[in-house]
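Each chain is listed here by its residues.
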Amino acid sequence: VVMRLEKRELRVLLLFASVSAGTVVTADSLFAAVSEIENGNLDIIECFEELSDEGLLRVIQDGDKRYVSVTPNGRLVVEELQGMLPVTLRKNTASRMAYEIVRLRRDLCVTAEYCENAAGTGYYVTLTLSEDGEKLFSSEIFAPTAIQAEMMVKRFRENPAAVYGRIITDLSNNTEV
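These notes cover the structure that comes with them. Here the structure is a predicted model, which means the values were calculated and not measured.

1. Observations concerning the sheet that holds strand S4 (residues 108–116)
Step number 1: The three strands are arranged S4-S5-S6 in an open sheet whose pairing can be described as antiparallel. Since the sheet does not close on itself, it has two edges, and those belong to S4 and strand S6 (134–143), each with one partner. Pairwise comparison of adjacent strand axes, ignoring direction, gives a mean angle of 10 degrees for this sheet.
Step number 2: Where strand S5 (residues 123–131) and S6 come together, nine bridges link them in antiparallel fashion. Across the sheet, residue Thr 126 finds its bridge partner in S6, namely Glu 140.
Step number 3: Sitting on the sheet, helix H6 (residues 146–158) is in contact with S4, S5 and S6, with an inclination near 180 degrees to S4.
Step number 4: Across the sheet, helix H7 (residues 160–172) is in contact with S4, S5 and S6; its angle to S6 comes to roughly 85 degrees.

2. A few points about the packing of helix H1 (residues 7–21) against helix H4 (residues 72–81)
Step number 1: One can describe the packing of H1 onto H4 by two numbers: an axis separation of 9 Å at closest approach and a directional angle of 115 degrees. In the packing of H1 onto H4, the handedness of the crossing is left-handed. Between H1 and H4, the contacting residues are Arg 8, Val 12, Leu 15, Phe 16 and Val 19 on the first element and Gly 74, Arg 75, Val 77, Val 78 and Leu 81 on the second.
Step number 2: Its residues assigned to classes, the contact of H1 with H4 comprises seven nonpolar, one polar and two charged.

3. Things to note about the side chain of Ser 29
Step number 1: Relative to the elements of secondary structure, Ser 29 occurs in helix H2 (residues 27–33).
Step number 2: For Ser 29, the side chain forms a polar contact with the side chain of Thr 26, separated by 2.9 Å.
Step number 3: Residues in contact with Ser 29, not counting those within four places in the same chain, are Met 97, Glu 100, Arg 103 and Leu 104.

4. Some details on H6
Step number 1: Between the first and last C-alpha of H6 there are 18 Å, a value that for 13 residues agrees with the 18 Å anticipated at 1.5 Å per step.
Step number 2: Among all positions of H6, only Ala 149, Val 153 and Phe 156 are buried. Along the axis of H6, the buried residues cluster in a sector spanning 70 degrees; they form a single face. Seen from the buried face of H6, the exposed residues on the opposite side, beyond 90 degrees, are Ile 147, Met 151, Lys 154 and Arg 155.
Step number 3: Against S4, S5, S6 and H7 lie the buried residues of H6.

5. Notes on the environment of Glu 134
Step number 1: Among the secondary structure elements, Glu 134 is positioned in strand S6.
Step number 2: Among the residues examined, Glu 134 registers a relative accessible area of 53% and is labelled exposed.
Step number 3: Put simply, Glu 134 and Leu 108 are 26 residues apart on the chain and 9.7 Å apart in space, counted from C-alpha to C-alpha.

6. Overview of the pattern of salt bridges
Step number 1: Counted under the stated rule, the structure contains six salt bridges.
Step number 2: A salt bridge links Arg 11 to Glu 54; its shortest N-O distance comes to 2.5 Å. Here Arg 11, found in helix H1, pairs with Glu 54, found in the loop between helix H3 (40–53) and strand S2 (57–62); they are 43 residues apart in sequence, far enough to count as distant.
Step number 3: Residue Arg 66 is joined to Glu 49 by a salt bridge in which the shortest nitrogen-to-oxygen separation is 2.9 Å. Pair noted here: Arg 66 is in strand S3 (residues 65–70) and Glu 49 is in helix H3, with a separation of 17 residues, a long-range link.
Step number 4: A relative accessible area of 25% places Arg 66 in the partly exposed class.
Step number 5: A network of salt bridges, in which partner residues are shared, links Lys 7, Arg 11, Glu 46, Glu 50 and Glu 54.

Here is what the cut-offs are and how they apply
- Residues numbered from 1 in each chain as written.
- Predicted model: local features only at pLDDT ≥ 70, side-chain atom pairs only at ≥ 80, totals over all residues.
- Heavy atoms only, no water.
- Pairing = 2+ DSSP bridges.
- Helix = DSSP H or I, 4+ residues; strand = E, 2+ residues; numbered from the N terminus.
- Axes fitted to C-alpha atoms, helices over the stretch in contact; angles between N-to-C directions.
- Contact = heavy atoms within 4.5 Å.
- Left-handed = near helix turned anticlockwise from the far one by under 90°.
- Nonpolar A, V, L, I, M, F, W, Y, C, P; charged D, E, K, R; others polar.
- Polar contact = N/O pair within 3.5 Å; in protein donor to acceptor, adjacent residues only side chain to side chain.
- Expected span 1.5 Å × (residues − 1).
- Buried < 20%, exposed > 50% of the residue type's maximum accessible area, 1.4 Å probe, protein only.
- Arc of directions from axis to C-beta.
- Salt bridge = Lys/Arg side-chain N within 4 Å of Asp/Glu carboxyl O.

Laid out in structure tokens, this is it:
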């Protein structure tokens, strides 16, 4: 079912899709999730840019890809206004977003492992994230116990894109820590 939305509804739908993802996604994935509407790419991109300019979506440029996450203010807008969207549209968008997340994860190559250091005083956790053979992220972190090392490995494997997105956001943020 293809439908046409007013600009305000389209803006809420883009925010809703980002919230539905539950993680950082590419702009292309976000656009694919709202593809059942008839407004056309120009309207979608215009609304996307406005949401970014208004601080409701956080957009990080990494080479030729744009990564997107919803900001706390964007999340509040969704909580208040998602009722203006038909239930079937929300369900279809959430379903499409879930499909996009699965597709993104399939394209990512994740390695996460740990080993005891030579002195026997802790563990080195090695985390790597690659996409299409290109290394996006690689890090070695010290963990004082095997339990901590196991937890770090598990969390990274569960959602490497979210970890990567948080690191990029924190390192790109202009505010002081």
